[in-house]
Structures are given as structure tokens and as C-alpha cells.
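Listed here are the chains, written in short residue letters.
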Amino acid sequence: MRSSQEPDGQGGQRVVLVTGPSGAGRSTTIHALEDLGYEVIDNLPFSLIPRLLDGPPLSRPVALGIDVRNRDFSATALIELIDRLTRIPEVAPEVLYLDCRAEELVRRYGETRRRHPLSGADTPAEGIAAEMDLLAPIRARADVLIDTSEFSPHDLKAEIGRWFGLGRGHGLAVSVHSFSYKRGVPRGLDMMFDCRFLKNPHWDARLRPLDGRDPEVARYVAADPRFDAFFTRTRDLLLFLLPAHVEEGKSHLAIGFGCTGGQHRSVAVAEKMAKALAEAGWQVSKRHRELERRASGAPGLVQGSGA
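Residues numbered from 1 in each chain as written. Predicted model: local features only at pLDDT ≥ 70, side-chain atom pairs only at ≥ 80, totals over all residues. Heavy atoms only, no water.

Colleague: Just to check I follow, could you spell out the overall build of the protein for this structure?
Modeller: Each helix and strand counted, the protein has 10 helices and nine strands in total. A burial count over the protein gives 48% of its 307 residues as buried. For the protein, long-range pairs separated by at least 24 residues make up 78% of all intrachain contacts whose partners lie at least 6 apart in sequence. (Helix = DSSP H or I, 4+ residues; strand = E, 2+ residues; numbered from the N terminus. Buried < 20%, exposed > 50% of the residue type's maximum accessible area, 1.4 Å probe, protein only. Contact = heavy atoms within 4.5 Å.)

This is how it looks when you write it as C-alpha cells:
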């Protein structure tokens, strides 16, 4: 399984098969690929897909949405389709599998109150479990696997753009995260830096309701006598390591900055670091986990002392 890259030197018609459990973000991904210039067809019967690809290559790549609602869907049928497309010299197929933790899928279905396609009269959790079992062989065959458990729709669209944007080279996409240690370390971080030693704006009543994106908070954090040395050495370390990761063939690097509440110090440092890396020519995205949870009203946001 590749770590979210383009085909390795394959020629011919590019075909991305988009699948994964219901609720993991397939519709958002299909729309994102369409915005990127792909010819998008959703839930085309398997029997028609080879006929779609007969003849000369299309002028643009194709993305096919596939899920359990397909009329002739089965894991065996999809694997047979993948094998059949792989044997066609003029076609370069990729399987993009959108994964998600079962408990997160249950939460999403609880918010939307939609019925899971495999649940029938059962609870969404039972339908989700059945679908994940059904799709396990497809997951094992995936070329690109993206875990959307902690992604907002905006995050997922950005992720699809990084991996499937047309004309993209084989560079390194860097994501910079801020987070709260109280809620645990985000999944998938490659490197992590602890900002809890810096002076905490939480103890300034005027700054407490703000976050690290606010210039006053950023200036407060940067005024700590230890900040300049910490930031400069961390930036220089990252600028030293990023080219080495490119040489090793890595396509994505996730860097995390944590503090107690994920509101002030980690956000300020992540904002400044993302800007510095972008100015150095790297492709950078940002994610502030705790601020996103607060904005969405999600439960479990850490409040109180030590932000």
C-alpha cells in the first residue's frame, strides 16, 4: 500500500476508484476530485466500468465512486474489477480507501440521524460493523488509504488536493498541528514538540478568551525569553530534516505542537512555524484541533485552567 501518492510511473488512463465505509467522506472526496478536474461518475454498475474505458484515453483522469449501494456490489466483484483493470495496459487504476474509526462513524450517523445502508432496523453501530467486515478485503488492496476520523470536510478536501491535484510533482506535503495534551496526541504525527514550558497566556485574564492566532497572544508567547531559541532551533531542525524525508520517498509529514489546552501556546507556535516553512518553499497546511472542536461545538473540548 502506498502512502497517498500518485501512480509509480504508470501510463494510460488514470482511474481512481473511491471507496470506504459509509460516512467516511466518500461524497466529499468525489466532489473534491471533480473540483480538481477529474471526470467523476458515482455508483456506476461494475459491469459498465470496463465499457466506459474502452477506446482511447479520455482527456482527463477519471474518478469512480463505489460503495455498498452499487447495484452489483460485493467485495469479490470489486476485487475482480480491480484485477481486470490492472491487466489493461491502457488503464492505470488506483484504489483510494477512505477509512474511519467505527466510533467516529457512529457519532457522525448520530449527528445526521441518517440510516446506515446496512443497518435496516438495527442500530447504526451494527450496520457499520457489518460494512467494515465486508470491506476488509478491499481495504487490504488499497493503493492509497486516508483515515478521516479526525478530519473536517475542509481537511479532507485539502488532503485530496495534496494527493490527487493534477500537475502535482512528487514533493512533500507538510501539515502542522496544534493540540491539547489533555485530549491526547493526534493520530499520525511524525514529530511532536511540547510547548508547555513557554509562558502561558491563560493566566492573563485579558488574553484568556483569545487564542494563539490573535496577534496579542502571539506577541505574549514570543516574549518568553526561551521562545526565540526554541523556535529557531526547531525551525532549523525541520528545514534540515524535510529534504531528507523527500529523499526517502515520504509524501506527507505531520508535525505537532502541544500545550495544556491547545488554545494559546501550541496554536501560536504552529501558526508561526507553518508560515516559516511556507516561506522556505514547502507546501504547508495547518490544523488546530481544539479550536476546530470549539467552533463545531463538539463535546469533550478541554476548558478551564492551563490552556
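Colleague: Would you mind going over the sheet that holds strand E1 (residues 13–19) with me for this structure?
Modeller: Strand pairing in a sheet relies on backbone hydrogen bonds, with the paired strands running either antiparallel or parallel. Here we have five strands laid out as an open sheet, ordered E2-E3-E1-E4-E5, and parallel in their pairing. The sheet is open, and its two edges are formed by strand E2 (39–42) and strand E5 (144–147), each paired on a single side. In this sheet, neighbouring strand axes are inclined to one another by 20° on average, regardless of whether the strands run parallel or antiparallel. Pairing of strand E4 (residues 91–99) with E5, which is carried by four bridges, proceeds in the parallel orientation. Counted as the bridge partner of Tyr97 is Leu145 from E5. Along the sheet, helix H1 (residues 26–35) contacts E1, E2, strand E3 (62–65) and E4; its crossing angle with E1, the most-contacted strand, is approximately 155°. Its contacts with the sheet place helix H3 (residues 75–86) against E1 and E4, and it is angled at close to 150° to E4. (Pairing = 2+ DSSP bridges. Axes fitted to C-alpha atoms, helices over the stretch in contact; angles between N-to-C directions.)

Colleague: Explain the state of the cysteines to me, please; I cannot follow it from the model alone.
Modeller: Applying the stated criterion across every chain, the model contains zero disulfides. Distance from the sulfur of Cys195, which forms no disulfide, to the nearest cysteine sulfur (Cys259) is 6.7 Å. (Disulfide = S-S within 2.5 Å.)

Colleague: Can you help me understand the pattern of salt bridges in this one?
Modeller: Where charged atoms from two side chains of opposite charge approach closely, those side chains can pair. Summed over all chains, the structure comprises 23 salt bridges. A salt bridge links Asp83 to Arg141, with the shortest nitrogen-to-oxygen separation between them at 2.8 Å. Taken together, the residues Asp83 in helix H3 and Arg141 in the loop between helix H5 (124–140) and E5 connect sequence positions 58 residues apart. A salt bridge links Arg206 to Glu216; the shortest N-O distance between them is 2.1 Å. Of this pair, Arg206 sits in the loop between strand E7 (191–194) and helix H7 (215–222) while Glu216 sits in helix H7, placing them 10 residues apart in sequence. The exposure class of Arg206 is exposed, given its relative accessible area of 51%. (Salt bridge = Lys/Arg side-chain N within 4 Å of Asp/Glu carboxyl O.)

Colleague: Mind showing me how you'd approach the packing of aromatic side chains here?
Modeller: The relation between two aromatic rings is expressed through the spacing of the ring centres and the mutual angle of the planes. The tally for this structure, following the rule as stated, stands at five aromatic pairs. An angle of 65° between the planes, with centres 6.1 Å apart, marks the rings of Phe46 and Phe73 as edge-to-face. Highlighted residues: Phe46 in the loop between E2 and helix H2 (49–52) and Phe73 in the loop between E3 and H3, separated in sequence by 27 residues. In this pair, the class of Phe46 matches that of Phe73, namely buried. With centroids separated by 5.0 Å and ring planes inclined at 80°, the aromatic side chains of Phe197 and Phe230 adopt a geometry described as edge-to-face. You can see Phe197 sitting in the loop between E7 and H7 and its partner Phe230 sitting in helix H8 (residues 227–247), a full 33 residues away along the chain. Judged by relative accessible area, which is 32%, Phe197 ranks as partly exposed. Assessed through its relative accessible area of 15%, Phe230 is described here as buried. The aromatic ring of Tyr181 is capped on one face by Arg196, whose charged end is 3.8 Å from the ring centroid. (Phe/Tyr/Trp six-rings, centres within 6.5 Å; stacked < 30°, edge-to-face > 60°. Lys NZ or Arg CZ within 6 Å of the ring centre and 35° of its normal.)

Colleague: What's the story with the nonpolar core in this structure? I'm lost.
Modeller: General note: in soluble globular proteins, nonpolar side chains tend to be found buried as a group. If you look at the biggest cluster of nonpolar residues, it comprises 27 residues, and the most contacted ones within it are Ile255, Phe257 and Leu277. Of the residues forming this core, the biggest block, seven residues, is contributed by helix H9 (residues 265–279). What Ile255 contacts, discounting residues up to four positions off in sequence, is Val174, Ser175, Val176, His177, Leu189, Met191, Phe193, Leu238 and Leu277. (Core = buried A, V, L, I, M, F, W, Y, C linked by side-chain atoms within 4.5 Å.)

Colleague: Looking at this structure, how should I read unusual backbone geometry?
Modeller: Apart from glycine, the bulk of residues carry a negative phi angle, and the bulk of peptide bonds sit in the trans form. With a phi angle near 60°, Asn43 is a residue other than glycine that sits in the positive phi range. As for its position among the elements, Asn43 is in the loop between E2 and H2. Take Asn43: its relative accessible area is 24%, and that puts it in the partly exposed class.

Colleague: Explanation requested: the packing of H1 against helix H6 (residues 153–164) in the structure shown.
Modeller: Each pair of packed helices can be summarised by the angle the axes make with each other and by the distance between the axes. At a closest axis distance of 9 Å, the pairing of H1 and H6 adopts a crossing angle of 50°. Classed by the angle they form, the pair H1 and H6 counts as oblique. Our pair here, H1 against H6, has a crossing hand that is right-handed. In this structure, H1 contributes Thr28, Thr29, Ala32 and Leu33 to the contact, and H6 contributes Pro153, Leu156, Lys157, Ile160 and Phe164. Among the residues making up the contact of H1 with H6, the classes are represented as six nonpolar, two polar and one charged. (Parallel < 35°, antiparallel > 145°, perpendicular 65-115°, else oblique. Left-handed = near helix turned anticlockwise from the far one by under 90°. Nonpolar A, V, L, I, M, F, W, Y, C, P; charged D, E, K, R; others polar.)

Colleague: Can you help me understand the sheet that holds E7 in this one?
Modeller: Read from one edge of the open sheet, four strands run E7-E8-E6-E9, paired in parallel fashion. Two strands bound the open sheet, and with one partner strand each, they are E7 and strand E9 (283–288). The sheet shows a mean angle of 20° between the axes of neighbouring strands, direction not considered. Along the sheet, H8 makes contact with strand E6 (173–180), E7 and strand E8 (252–259), crossing E7 at roughly 175°.

Just geometry here; none of it tells us what the structure is for.
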